[in-house]
Amino acid sequence: MEKKDILSMPYNQLEEEIYLLGEPKFRTKQIYTWLHQKQTTDFSKMSSLSLQLRERLDRIFCINRLKITRKLASSIDHTVKYLYELPDGNYVETVLMEYHYGKSLCISTQVGCKMRCQFCASTVAGFIRNLTPSEMLLQIYETQRDIGTRIDHLVLMGIGEPLDNLENVLTFFQLLSDPKGFGMSLRHVTLSTCGLVPQIKQLADLHLGLTLSLSLHSPENLRRSEIMPVNRRYPIEATMEACRYYFQVTGRRVTIEYAVIDHVNCSKLDAKKLAALLKDMYCHVNLIPVNPIAEKNFQTMRQNVELFQKELETLGVNATIRRTLGSDIQAACGQLRRDAYQNIKEI
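The structure displayed is predicted, hence computed values, not measured ones. (Residues numbered from 1 in each chain as written. Predicted model: local features only at pLDDT ≥ 70, side-chain atom pairs only at ≥ 80, totals over all residues. Heavy atoms only, no water.)

> What is the right way to read the pairing of strand β11 (residues 211-215) from this model?
Remember that side chains alternate between the two faces of the sheet whenever the strand is regular. Among the five residues in β11, five count as buried, and that is most of the element. Both faces of β11 are covered, namely the face carrying Thr211, Ser213 and Ser215 and the face carrying Leu212 and Leu214. In this sheet, β11 lies alongside strand β10 (residues 189-193) in parallel orientation, the contact comprising four bridges. Considered in β11, the bridge of leucine 191 is made with leucine 212. For the segment spanning β10, helix α6 (residues 197-205) and β11, crossover handedness is right-handed. Across three bridges, β11 lies against strand β12 (residues 254-260) in parallel orientation. Each bridged residue has a counterpart across the sheet, and for serine 213 the counterpart in β12 is threonine 255. (Buried < 20%, exposed > 50% of the residue type's maximum accessible area, 1.4 Å probe, protein only. Helix = DSSP H or I, 4+ residues; strand = E, 2+ residues; numbered from the N terminus. Pairing = 2+ DSSP bridges. Right-handed = clockwise from strand over helix to strand, strands pointing away.)

> Would you mind going over the pattern of salt bridges with me for this structure?
For side chains of opposite charge, pairing can occur when their charged atoms come near one another. Counted under the stated rule, the structure contains 16 salt bridges. Taking the shortest distance from any N to any O, the salt bridge between aspartate 58 and lysine 3 comes out at 3.9 Å. Within this pair, whereas aspartate 58 is found in helix α3 (residues 51-60), its partner lysine 3 is found in the segment before β1 (4-5), the two being separated by 55 residues in sequence. Lysine 71 is paired through a salt bridge with aspartate 146; the nearest N and O atoms lie 2.7 Å apart. Of the two residues, lysine 71 sits in strand β3 (residues 67-73) while aspartate 146 sits in helix α4 (residues 133-147), which places them 75 residues apart along the sequence. For lysine 71, a relative accessible area of 44% translates into the label partly exposed. Residue aspartate 146 is classed as partly exposed on the basis of its relative accessible area, which comes to 32%. Shared partners join several salt bridges into a network, and the residues in it are Arg65, Glu142 and Arg145. (Salt bridge = Lys/Arg side-chain N within 4 Å of Asp/Glu carboxyl O.)

> Mind showing me how you'd approach helix α2 (residues 26-36) here?
Quick reminder: α-helices carry 3.6 residues per turn. Residues three or four places apart thus point the same way. The element α2 is largely enclosed, with a buried count of eight among its eleven residues. For α2, the set of buried residues is Arg27, Thr28, Ile31, Tyr32, Thr33, Trp34, Leu35 and His36.

> What's the story with the pairing of strand β9 (residues 153-156) in this structure? I'm lost.
Alternating positions in β9 separate into two faces, His153 and Val155 on one and Leu154 and Leu156 on the other, with burial throughout. Two strands pair when backbone bridges link them, and strand β6 (residues 102-107) and β9 are joined in this way by four bridges, in the parallel orientation. What sits directly across from serine 104, in β9, is histidine 153. The pairing of β9 with β10 spans three bridges and is classified as parallel. Each bridged residue has a counterpart across the sheet, and for valine 155 the counterpart in β10 is threonine 190.

> Help me understand the nonpolar core in this model?
Generally speaking, a soluble globular protein has its nonpolar side chains buried in company with each other. In terms of nonpolar packing, the biggest core is built from 99 residues, with Phe119, Leu154, Phe172, Phe173, Leu176, Ile256 and Leu287 touching the most fellow members. For this core, the element with the highest residue contribution is helix α5 (residues 166-177), accounting for six residues. The residues contacting phenylalanine 172, other than those within four sequence positions of it, are Ile107, Pro133, Met136, Leu137, Ile140, Leu154 and Leu156. (Core = buried A, V, L, I, M, F, W, Y, C linked by side-chain atoms within 4.5 Å. Contact = heavy atoms within 4.5 Å.)

Written out as structure tokens, the structure is:
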């Protein structure tokens, strides 16, 4: 019999499982504390439980782990990039970043990505599957075990489209924010999406308190459809209406992510169109110098990002340039995973 993934079970589900074992309710809280506060990786070490119960749990459930396959530490800043091997032998990437407000972790939500954005390395090795709630959670737990301190903020902006794996992501949020467990406020969480309109509205209606970040990257449909195929299904007008709905329902300002690509989306006309698109919208624009990818010819000169920022500010748009972190360790998501699969093929 295949063991059940106990780390993917929210408190109420675990309570049902423990009830079926004939154990009293307080056992659930004990086990949940061992799993998510003490982050114990072995049932035998749950010393507040009887030996008989520990052995029974071990027969029925598993506590999964992720293996650090590669770890790259930047010599420029404190950024650390992890390539984690999942229990089934697939790989995902996680990036640890240090800011003045604490340690932030960028996690993956899928093994690969279906969205096929032209400037993103995550799509190069293809889509394989969704991550389970525990595999998202374990990116936090394993990183904390490695660095010996707690993660303060979380960004769902690694490999994959979070809203394409919404059911598992919502279960992950339950596990993440449960005060009986890890206890992170979702106000410390940012979810980045390429613009899946129905899911944005569904997320808004849940009132979770997290920050929504939209990957826009062009202010007009033709160009955005070229570099982001999702725009062919959900054009800019529908996507921006969904973002406005998110703010109206939640009161949370939406961040507009804009990867600046030379000769593609950073002309003065692009700036004017972007300013017109965002008129009267409560948002912030985050300009991103695009990372070079071996399979693509997109590039960005820093001076062009700065010129685009100044043009936007002249037009009344609040725009900042994202601080470049870990540029010496391939900190752009997807590159280590791509290299890992390439190495496997060559063996």
